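Summary of the model geometry
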Amino acid sequence: MSAPGCLGCGACCAAYRVDFHRAELDSAPDGFVPAALTLPLTRSLVRMRGTDEAPPRCVALHGEIGVDARCGIYAQRPGPCRAFGELAPLGIADDACDRARRRHGLETLHSKAYNL
């Protein structure tokens, strides 16, 4: 893994739904998330394909969770993905990260919890 248990993990990409505003889609002015990788939810919300499945797994996730996972659209990922576990690459975990890692049989990041 390229960072302390985070980059290369992918557990969060296979644990939660990813919903966000249509303004982030590449079909919108200044948008960047590939619209083809999403499903419409409402007039203003879309969801990353695969994150509504059971079990969830984002269509943009490549590789094996916990071993060599990577986001195929990392530079174009939506806001919820950018905000998720912002401090995990520094070895600072949060509850959502720990839950996702446990779902996949991975150890949690054993450092300070960062509570906002």
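Residues numbered from 1 in each chain as written. Predicted model: local features only at pLDDT ≥ 70, side-chain atom pairs only at ≥ 80, totals over all residues. Heavy atoms only, no water.

Re the overall build of the chain
On a plain count of helices and strands, the chain comes out with two helices and five strands. Seen in sequence order, the chain has helices and strands lined up from the N terminus as β-β-β-β-β-α-α. Classification of the 116 residues of the chain by burial places 38% in the buried group. Within the chain, counting contacts between residues at least 6 apart in sequence, those at least 24 apart form 49% of the total. When the accessible surface of the chain is split by element, carbon and sulfur atoms take 54% of a total near 6,900 Å². (Helix = DSSP H or I, 4+ residues; strand = E, 2+ residues; numbered from the N terminus. Buried < 20%, exposed > 50% of the residue type's maximum accessible area, 1.4 Å probe, protein only. Contact = heavy atoms within 4.5 Å. Areas by Shrake-Rupley, 256 points an atom, 1.4 Å probe, with all protein chains shown as cover.)

Quick look at the pairing of strand E3 (residues 45–48)
Two faces make up the sheet, and in a regular strand the side chains alternate between them. Relative to E3, strand E1 (residues 19–21) runs antiparallel, the two being bridged by three bridges. Opposite Asp19, over in E3, you have Arg47 as the bridge partner. Here three bridges tie strand E2 (residues 38–40) to E3, and the two strands are oriented antiparallel to one another. Across the sheet, residue Thr38 finds its bridge partner in E3, namely Met48. Connecting E2 to the antiparallel partner E3 that follows it, the hairpin turn spans four residues. (Pairing = 2+ DSSP bridges.)

Some remarks on the nonpolar core
By size, the foremost hydrophobic cluster in this structure holds 11 residues: Cys9, Ala11, Ala14, Ala15, Tyr16, Leu61, Ile65, Ala69, Ala96, Ala100 and Leu106. Formed by nine residues, the second largest nonpolar core is a distinct cluster that contains Val18, Leu25, Met48 and Ile73. (Core = buried A, V, L, I, M, F, W, Y, C linked by side-chain atoms within 4.5 Å.)

Some words on the confidence of the model for the chain
Mean pLDDT over the chain stands at 88; residues scoring 70 or higher make up 86%. Across residues 112–116, confidence stays below pLDDT 50; counting only partners more than four residues off in sequence or on other chains, it has seven contacts. (pLDDT = per-residue confidence, 0-100.)

Structural notes on the pattern of salt bridges
Under the definition given, this model contains three salt bridges. As a salt-bridge pair, Arg17 and Asp52 come within 2.9 Å of each other at their nearest N and O atoms. A residue pair is termed long-range when its members are at least 10 positions apart, and Arg17 in the segment before E1 and Asp52 in the loop between E3 and strand E4 (61–62) qualify at 35 residues. Given a relative accessible area of 39%, Asp52 falls into the partly exposed group. A network of salt bridges, in which partner residues are shared, links Arg17, Asp19, Arg47 and Asp52. (Salt bridge = Lys/Arg side-chain N within 4 Å of Asp/Glu carboxyl O.)

What to know about helix H2 (residues 95–103)
Every buried residue of H2 is accounted for by Ala96, Cys97, Asp98, Ala100 and Arg101. Gly105 occupies a position one or two residues after H2 and carries a positive phi of about 70 degrees.

Details of the packing of aromatic side chains
On inspection of all chains with the given rule, the structure shows one aromatic pair. Both rings, one in Tyr16 and one in Phe84, keep their centres 5.7 Å apart while their planes meet at 45 degrees; by these two values the pair is tilted. With Tyr16 in the segment before E1 and Phe84 in the loop between helix H1 (79–83) and H2, this residue pair connects regions lying 68 residues apart in the sequence. Residue classification places Phe84 among the partly exposed residues on the basis of a relative accessible area of 24%. (Phe/Tyr/Trp six-rings, centres within 6.5 Å; stacked < 30°, edge-to-face > 60°.)

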